[in-house]
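# A closer look at the structure
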Amino acid sequence: MIAEWLSWRYVYGFSAGMILIVTILLQIYLPDVKNEYSGDYLDLLKSTLQQLKRFSLLREASLISGLLFGVFCSFWTTLTFYLSGAPFNFQSDTIGMYGFVAIAGALMAPVFGKLADQGNSQRSLTIAVSLMSASLVIAKIASNSALAIAVAVLLLDVGLQATQVTNVARIYTLDAQSNSRINTVYMTTYFISGAVGTSIGLLCWHLGGWNLVTWQMLIFTLLAFFIIVRPKITTARTNK
């Protein structure tokens, strides 16, 4: 809406103001926790990278969430192009309204968090990826329907939020003393994957439009699904 009514440059001004407010609030309300680490910064970075080697679950969670956040970034980047062209020809303020649909994802997060806390993390992840897969199938086969795109947005966001909540709950069970470093590995992988997803989504858009983008996102989602079910497949083979 800001971009449509003022200009896209004002978006950055409003964002800068909001970040400044958050910075002030953090300075006021964030507890001052004493740093107990005695090494230097380089040693801390090395120790952070070592967490990848220590925990296979961290590698798995980072890869699953990275792939799905890549899907999310591909979707939202190219959805703007898609909705601004035929048959919709929406303006940026109308396209932005689809973001309100995604609020439901945040509201559903506690449900999946409880599943993870109860030890049903694999079930939670399976449901999440299934929702995202359904979202992409809808976006592909009913691509000319504004309502279908809204449903796709809803399912995609719920699926991603569920994945994020579940995987964060999983990695925080690994080593309480290393939570910050574990989280650093996880979130760095997450955002690098988001950037890669955006780049690949843009490339697919230029090469094959919405059709190719949806195929790319489905492939990413299926890769994440395979990583989730791989332990079950391995266990089944071992039992045989």
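A brief structural summary. Note that this is a predicted model, so its numbers are computed, not measured.

### Looking at a nonpolar patch on the surface
- A contiguous nonpolar surface patch, about 1000 Å² in accessible area, is contributed by Met1, Trp5, Leu6, Tyr10, Phe14, Met97, Phe100, Ile103 and Leu107.
- Taken together, the elements giving at least two residues each to the nonpolar patch come down to α2 (8–29), α5 (92–101) and α6 (103–117).
- Here Met1 is to be found in the segment before α1 (2–5).

### Re the side chain of Thr48
- Residue placement: Thr48 occurs in helix α3 (residues 41–54).
- Residue Thr48 is classed as buried on the basis of its relative accessible area, which comes to 9%.
- From its side chain, Thr48 meets the backbone oxygen of Leu44 in a polar contact 2.9 Å long.
- Among all residues touching Thr48, those that are not within four sequence positions of it are Arg181, Thr184 and Val185.

### So, the packing of helix α4 (residues 56–84) against helix α8 (residues 146–171)
- Interaxial distance between α4 and α8 falls to 10 Å at its minimum, and their mutual angle equals 160 degrees. With respect to α8, the element α4 is oriented roughly antiparallel. In this structure, α4 crosses over α8, and the sense of that crossing is left-handed.
- Residue composition of the contact of α4 with α8, by class: 19 nonpolar, four polar and three charged.

### Re the packing of helix α7 (residues 121–141) against α8
- It is the contact of α7 with α8, at a shortest axis distance of 8 Å, that shows an interaxial angle of 160 degrees. Our classification of the angle between α7 and α8 gives roughly antiparallel. Crossing hand, α7 versus α8: left-handed.
- Here the residues of the contact of α7 with α8 sort into 17 nonpolar, seven polar and one charged.

Cut-offs and rules
Residues numbered from 1 in each chain as written. Predicted model: local features only at pLDDT ≥ 70, side-chain atom pairs only at ≥ 80, totals over all residues. Heavy atoms only, no water. Patch = residues over 30% accessible without salt bridge, like charges linked within 9 Å, V, L, I, M, F, W, Y side chains within 5 Å. Areas by Shrake-Rupley, 256 points an atom, 1.4 Å probe, with all protein chains shown as cover. Salt bridge = Lys/Arg side-chain N within 4 Å of Asp/Glu carboxyl O. Helix = DSSP H or I, 4+ residues; strand = E, 2+ residues; numbered from the N terminus. Buried < 20%, exposed > 50% of the residue type's maximum accessible area, 1.4 Å probe, protein only. Polar contact = N/O pair within 3.5 Å; in protein donor to acceptor, adjacent residues only side chain to side chain. Contact = heavy atoms within 4.5 Å. Axes fitted to C-alpha atoms, helices over the stretch in contact; angles between N-to-C directions. Parallel < 35°, antiparallel > 145°, perpendicular 65-115°, else oblique. Left-handed = near helix turned anticlockwise from the far one by under 90°. Nonpolar A, V, L, I, M, F, W, Y, C, P; charged D, E, K, R; others polar.

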